[in-house]
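A structural walkthrough
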Amino acid sequence: FENLEWGDIENKQVREYIRSYSPVQNISKIRDSSTVIISVLGGKDNYISNTDVVDWVEKLREKELTAYTLLNDSAGHGGWDDDNDNLMFSILNYFLETIG
């Protein structure tokens, strides 16, 4: 299904295009950003490695970006489960207060 959504990475043009906008591969391009990043991870995620996301967040911090990681042990891919409405409201509230 991912080939239908993203393209076949065996195709060099597709692979290069994805790499051109991938946040992991483009950390070196970050310059004086005031963006705040909150990565919400699911402890039961079968699609991506949470270690990769934690490493990415650490690299963002090395570039002096404000970046947070939240691991929700009971959630899968996307980091949300049915009991997370309050968490979503807290994150949205944080952003709204930040942008003033």
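Check the entry above for the structure.
The following paragraphs examine the structure supplied in this document. (Residues numbered from 1 in each chain as written. Predicted model: local features only at pLDDT ≥ 70, side-chain atom pairs only at ≥ 80, totals over all residues. Heavy atoms only, no water.)

**Let's talk about the overall build of the protein**
Along its length, the protein carries four helices and two strands. When the helices and strands of the protein are read in sequence order from the N terminus, they spell out α-α-β-α-β-α. Its C-alpha atoms give the protein principal-axis dimensions of roughly 40 × 35 × 25 Å. Classification of the 100 residues of the protein by burial places 24% in the buried group. (Helix = DSSP H or I, 4+ residues; strand = E, 2+ residues; numbered from the N terminus. Buried < 20%, exposed > 50% of the residue type's maximum accessible area, 1.4 Å probe, protein only.)

**A closer look at the pairing of strand β2 (residues 66-72)**
In this structure, strand β1 (residues 36-42) lies alongside β2, joined through seven bridges in parallel fashion. Along β2, the bridge assignment pairs isoleucine 38 with tyrosine 68. Handedness of the crossover joining β1 and β2 through helix α3 (residues 50-62) is recorded here as right-handed. (Pairing = 2+ DSSP bridges. Right-handed = clockwise from strand over helix to strand, strands pointing away.)

**Some thoughts on a nonpolar patch on the surface**
A surface patch of nonpolar side chains, amounting to about 390 Å² of accessible area, comprises Trp80, Met88, Phe89 and Leu92. Residue placement: phenylalanine 89 occurs in helix α4 (residues 85-99). (Patch = residues over 30% accessible without salt bridge, like charges linked within 9 Å, V, L, I, M, F, W, Y side chains within 5 Å. Areas by Shrake-Rupley, 256 points an atom, 1.4 Å probe, with all protein chains shown as cover. Salt bridge = Lys/Arg side-chain N within 4 Å of Asp/Glu carboxyl O.)

**Details of the nonpolar core**
Among the nonpolar cores identified, the biggest contains nine residues, and these are Ile27, Ile37, Leu41, Val53, Trp56, Val57, Leu60, Leu65 and Ala67. When contributions to this core are tallied by element, the ones reaching two or more residues are β1 and α3. For this core, the element with the highest residue contribution is α3, accounting for four residues. If we ignore the near neighbours within four places in the chain, the residues touching isoleucine 27 are Trp56, Lys59, Leu60 and Lys63. (Core = buried A, V, L, I, M, F, W, Y, C linked by side-chain atoms within 4.5 Å. Contact = heavy atoms within 4.5 Å.)

**Points about unusual backbone geometry**
For aspartate 32, which is not glycine, the phi dihedral falls at a positive 45 degrees. Mapped onto the secondary structure, aspartate 32 falls in the loop between α2 (12-21) and β1. Phi at glutamate 64 takes a positive value of approximately 65 degrees, unusual for a residue other than glycine. Among the residues examined, glutamate 64 registers a relative accessible area of 71% and is labelled exposed.

**Observations concerning the environment of tyrosine 94**
Within the element layout of this structure, tyrosine 94 appears in helix α4. For the pair formed by tyrosine 94 and glutamine 13, sequence separation is 81 residues and the distance between their alpha carbons is 39 Å. Sequence-distant contacts of tyrosine 94, that is, excluding residues within four places in its chain, are made with Val36, Ile38, Thr66 and Tyr68.

**Thoughts on α3**
The end-to-end C-alpha distance of α3 is 19 Å, a good match for the 18 Å that 13 residues give at a rise of 1.5 Å each. Burial in α3 covers these residues: Asn50, Val53, Trp56, Val57 and Leu60. The buried residues of α3 occupy an angular sector of 120 degrees when projected down its axis, which confines them to one face. In α3, the exposed positions angled more than 90 degrees off the buried face are occupied by Thr51 and Glu62. Residues of α3 that are buried make contact with β1 and β2. Of the residues flanking the end of α3, it is glutamate 64, one or two places downstream, whose phi is positive at about 65 degrees. (Expected span 1.5 Å × (residues − 1). Arc of directions from axis to C-beta.)

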